[in-house]
Amino acid sequence: MTDPNVERKLVEIMRIISESDKPLGARLIADELHNRGYAIGERAVRYHLRILDERGFTKKHGYIGRTITERGKKELSDALISDRFGFVITRIEELIYKTDYDLETGKGNVIVNITNIDKDDYDNAMDIIRYAMDHGATISPKVGIIEEDTDLDIYVPDGKVAVATVCSITFDGLLLKNGVPVVPTYGGLMQMEDHIPAGFLDLISYSGTSIDPIKIFLRRKATSILEAIDTGNGKMLANVRQIPASASQKAASILEKAKRHDIDGHITISEPYQDIFYAPIERGKVGISVMVGINSVAAVEEAGIKVDTNPVSAMMEYNRMKRL
């Protein structure tokens with residue numbers, strides 16, 4: 001059986017083709033997938049198109065591109081209906097499962113956010129990212145730099161440089177890998193007072209949206225990261241996951257160990273039967289709140305530099321990332 005992650009990409013490609021009134025080629029499909037939050041390149045799109053052709057869901061028209069067949073339209077209508085509602089959390093759970101970073105050896109893959117920056121803005125943007133990281137607004141001081149035509153299967157538009165920042169969902173992968181069941185629960189906007197988290201001003205459940213909650217807050221331009229750094233008072237992005245209350249001590253040990261590898265930023269672990277910064281937690285569970293890795297690029301947008309960011313976007317070998 002095909003990987004569920006591949007199946008979802010196949011469905012999204014069929015959706016894109018079906019929405020066009022003319023044949024579409026791999027490049028245009030890759031561009032639209034990128035707009036919809038998939039950081040995959042033209043080469044990967046061609047691989048998926050071959051699968052669709054073999055199944056009879058798409059038809060190739062020489063070098064012009066593909067159209068969807070009647071069989072493909074029926075499949076699109078029937079396929080992964082439940083995915084339309086639980087898409088974000090399902091995709092996140094797959095990346096959590098694939099996280100294999102080893103806290104003992106310091107090797108393995110972490111989850112990253114991908115931000116595309118115009119080459120002309122790159123130097124100024126990196127100065128701001130470094131500033132935010134130096135002041136603890138994110139979870140790791142390391143970034144990955146991806147330029148066009150690299151060996152990584154991450155789509156980079158013409159004239160752009162992609163910057164990978166460690167995603168806070170990596171914590172969920174580390175917990176799961178070390179035997180702690182974990183469920184990402186909320187993305188939210190955290191009020192900072194005197195440089196200390198004071199409470200969530202707004203929360204969006206991961207299970208209740210087809211768009212990543214953090215991306216929703218980015219689109220709203222709801223943050224004031226630079227103000228929070230400079231004055232101690234402002235709004236940063238954070239999220240919450242739940243674990244069994246019985247695993248609280250083990251989780252604390254894992255998070256402490258992660259600090260040795262520059263993976264930090266968790267705020268606190270709640271007590272049983274208590275909310276965490278006003279975020280409700282289920283009975284028998286405790287919440288763990290973490291600053292998100294995307295705060296540094298949110299600061300770039302606050303400074304007036306236009307960027308395009310896709311949270312929880314891809315996997316990357318942590319050793320390939322460099323400290324700024």
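In this report, we go over the structure that sits alongside the text. Predicted model only: the values in this text are computed from it and were never measured. In this convention, every chain numbers its residues from 1, walking through the sequence in written order. Totals for whole chains, interfaces and linings use all residues, but because this is a predicted model, local features are given only for residues with pLDDT of at least 70 and pairs of side-chain atoms are given and counted only at 80 or more. Computation of side-chain values covers all heavy atoms of the structure but excludes hydrogens and water.

1. What to know about the side chain of T223
Stage number 1. Put simply, DSSP marks the helices as runs of H or I at least four residues long and the strands as runs of E at least two long, and each gets a number from the N terminus on. Structurally, T223 is set in the loop between α8 (213–220) and α9 (225–231).
Stage number 2. Think of a polar contact as two N or O atoms within 3.5 Å of one another; within protein, one of them needs to be a possible hydrogen donor and the other a possible acceptor, and neighboring residues in sequence only count if both atoms come from side chains. Among the polar contacts listed, one links the side chain of T223 to the side chain of E302, at a separation of 2.6 Å.

2. Re helix α3 (residues 42–55)
Stage number 1. A helix is expected to span 1.5 Å multiplied by its residue count minus one. Its 14 residues place the ends of α3 20 Å apart at the C-alpha level, agreeing with the 20 Å of an ideal helix rising 1.5 Å per residue.
Stage number 2. Burial in α3 covers these residues: A44, V45, H48, L49, I51 and L52. For α3, the angular spread of the buried residues around the axis is 155°, confining them to a single face. Exposed residues on α3 whose side chains face more than 90 degrees from its buried face are R43 and E54. Three labels apply to residues, based on accessible area from a 1.4 Å probe with only protein chains included: buried if under 20% of the type maximum, exposed if over 50%, partly exposed otherwise in between. Think of the arc as the fan of directions from the helix axis to the C-beta atoms.

3. Side note on the pattern of salt bridges
Stage number 1. In the sections that follow, a salt bridge refers to a side-chain nitrogen of Lys or Arg positioned within 4 Å of a carboxyl oxygen of Asp or Glu. According to the stated counting rule, one finds 15 salt bridges in the structure shown.
Stage number 2. R241 is the salt-bridge partner of D172, the closest N and O atoms lying 2.7 Å from each other. Pair noted here: D172 is in helix α7 (residues 170–177) and R241 is in strand β8 (residues 234–244), with a separation of 69 residues, a long-range link.
Stage number 3. For R323, the salt bridge is made with D262, and the minimal N-O distance between the two is 2.7 Å. In this pair, R323 is assigned in strand β12 (residues 322–323) and D262 in the loop between α10 (248–259) and β9 (266–269), connecting sequence segments 61 residues apart.
Stage number 4. Among the ionic contacts, a cluster of salt bridges with common partners joins R27, E42, R46 and D158.

4. A few points about the sheet that holds strand β10 (residues 285–291)
Stage number 1. Paired strands, as defined in this entry, are two strands with at least two bridges between them according to DSSP. Across the sheet, five strands lie side by side as β7-β6-β8-β10-β9; this open sheet has antiparallel pairing. Both edges of this open sheet fall to β7 (196–205) and β9, since each of them pairs with a single strand only. For this sheet the average axis-to-axis angle between neighbouring strands, irrespective of direction, equals 30°.
Stage number 2. Here strand β6 (residues 183–193) runs beside β7; their pairing, made up of eight bridges, is antiparallel. Along β7, the bridge assignment pairs M190 with F200.
Stage number 3. By definition, residues are in contact when any of their heavy atoms lie within 4.5 Å. Angles here are taken between N-to-C directions and fall from 0 to 180 degrees, while the axes themselves are lines fitted to C-alpha atoms, restricted in helices to the stretch in contact. Packed on one face of the sheet, α10 meets β8, β9 and β10 and runs near 160° to β9.

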